[in-house]
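For reference, the chains in residue letters:
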Amino acid sequence: MADGEATLRPVRWRGLPRRRTLPRVTLVAVLLGLAAAVLRTPPSCPPPRVLPAASATASPSGGTPALPAGSVGVPIRLAEPAALAVLRPGARVDLLVVPAGGSPDPTLLAPRALVLDVVGATGAVDGSSALYLALPPEQARRAVGLPEGSRFAVVVRG
């Protein structure tokens, strides 16, 4: 065999790796795992929110309203996302739905629903805008159980 020719013998370490090799290999593995996790997360995913259950409708700090007792939080994508610009947490809205393939007249799905949060109200065109409402469990089941293509709208209450 001439010098420079490839061989099929396995590469073997002579003795133990040096002291600095293991931390380097560990750091590379951690960085590769982090990069893979970042690349797999869609950019349109809003960060998860955990809302504490409480009996009051407004949080003591004056920020996002707390989830009322006996209610569940439901994300709603409106047919007209521009309506999100006028909504604020703590507002009350009537949730209307036009089922896919149904009548053109909207149906009242949830009267006086509490707005918990508004995400992507300022010009989000990638579908990441949503309205988070506090609904009783039965109304929440009806809202999420509607067929694909159903359109939601809201009427702001005073």
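Structure shown above.
Here's what I pulled together on the structure shown here.

**Looking at the overall build of the chain**
Thinking step 1. The helix and strand inventory of the chain stands at 2 helices and 7 strands.
Thinking step 2. Along the chain, helices (α) and strands (β) appear in the sequence α-β-β-β-β-β-β-α-β when read from the amino end.
Thinking step 3. Residues counted as buried form 24% of the 158 residues belonging to the chain.
Thinking step 4. Partitioning the intrachain contacts of the chain with sequence separation of at least 6 by distance along the chain shows that 60% fall at a separation of at least 24.

**What to know about the pairing of strand β6 (residues 130–135)**
Across a regular strand the side chains alternate sides, sitting on one face of the sheet and then on the other.
Thinking step 1. Among the 6 residues in β6, 5 count as buried, and that is most of the element.
Thinking step 2. Note: strand β3 (residues 72–76) against β6, 5 bridges, orientation antiparallel. Counterpart to Val72 in the pairing with β6 is Leu135.

**Looking at the pattern of salt bridges**
Thinking step 1. Here the structure, examined in full by the defined rule, presents 2 salt bridges.
Thinking step 2. One salt bridge connects Arg141 with Glu138, and the closest N-O pair in it is separated by 3.3 Å. With a gap of 3 residues between them, Arg141 and Glu138 both fall in helix α2 (residues 137–144), about one helical turn apart.
Thinking step 3. Given a relative accessible area of 45%, Glu138 falls into the partly exposed group.

**Describing the sheet that holds β6**
Thinking step 1. If you trace the 5 strands from one edge of the open sheet to the other, you get β3-β6-β5-β4-β7, paired in antiparallel fashion. Sheet topology places β3 and β7 (151–156) at the edges, where each strand pairs with a single neighbour. For this sheet the average axis-to-axis angle between neighbouring strands, irrespective of direction, equals 45°.
Thinking step 2. Pairing between strand β4 (residues 92–98) and β7: 6 bridges, direction antiparallel. From the neighbouring strand, Val98 faces β7, where its bridge partner is Arg151.
Thinking step 3. In the packing of α2 onto the sheet, the strands contacted are β3, β5 (107–119), β6 and β7, and the crossing angle to β5 comes to about 90°.

**Comments concerning a nonpolar patch on the surface**
Thinking step 1. A cluster of nonpolar side chains, contributed by Leu27, Leu31, Leu34 and Val38, occupies part of the molecular surface with about 400 Å² of accessible area.
Thinking step 2. Its location among the elements puts Leu34 in helix α1 (residues 21–40).

**What about α2?**
Thinking step 1. For α2, every residue scored as buried is listed here: Gln139, Ala140 and Ala143. Angular distribution of buried residues about the axis of α2 spans 100°; they occupy a single face of the element.
Thinking step 2. Those residues of α2 that are buried lie in contact with β3, β5, β6 and β7.

**Quick look at the side chain of Asp94**
Thinking step 1. Mapping Asp94 onto the fold places it in strand β4.
Thinking step 2. A distance of 2.9 Å separates a polar side-chain atom of Asp94 from the backbone nitrogen of Arg112.
Thinking step 3. Ignoring anything within four residues of it in the chain, the contact list for Asp94 reads Leu108, Ala110, Pro111, Arg112, Ala153, Val154, Val155 and Arg157.

Cut-off values and rules
For every chain, the first residue of the written sequence is number 1, and numbering continues from 1 along that sequence. In view of the model being predicted, local features appear only for residues whose pLDDT reaches at least 70, and side-chain atom pairs are presented and counted only at 80 or more, with totals across whole chains, interfaces and linings using the full set of residues. With hydrogens and water excluded, all non-hydrogen atoms of the structure serve as input to the side-chain values. A helix here means a DSSP run of H or I that spans at least four residues, while a strand means a run of E at least two residues long, and both kinds are numbered starting from the N terminus. Remark: exposure states derive from per-residue accessible area (1.4 Å probe, protein chains only) relative to the maximum for the residue type, with buried under 20%, exposed over 50%, and partly exposed in between. Note on contacts: a residue pair is in contact if any heavy atoms of the two residues lie within 4.5 Å. Following DSSP output, two strands are said to pair if at least two bridges run between them. Each reported salt bridge corresponds to a side-chain nitrogen of Lys or Arg within 4 Å of a carboxyl oxygen of Asp or Glu. Simply put, an axis is a line fit to the C-alpha atoms, just over the touching stretch for a helix, and the angle between two N-to-C directions goes from 0 to 180 degrees. Each patch is assembled from residues with relative accessible area greater than 30% and no salt bridge, linking like charges that lie within 9 Å and nonpolar side chains (Val, Leu, Ile, Met, Phe, Trp, Tyr) that lie within 5 Å. Per-residue and other accessible areas follow the Shrake-Rupley method at a 1.4 Å probe size, with only the shown protein chains counted as cover for residues. Think of the arc as the fan of directions from the helix axis to the C-beta atoms. Identification of polar contacts relies on pairs of N or O atoms within 3.5 Å, with a donor-acceptor requirement for protein atoms, meaning one able to donate a hydrogen and the other able to accept it, and with residues adjacent in sequence counted only if both atoms are side-chain atoms.

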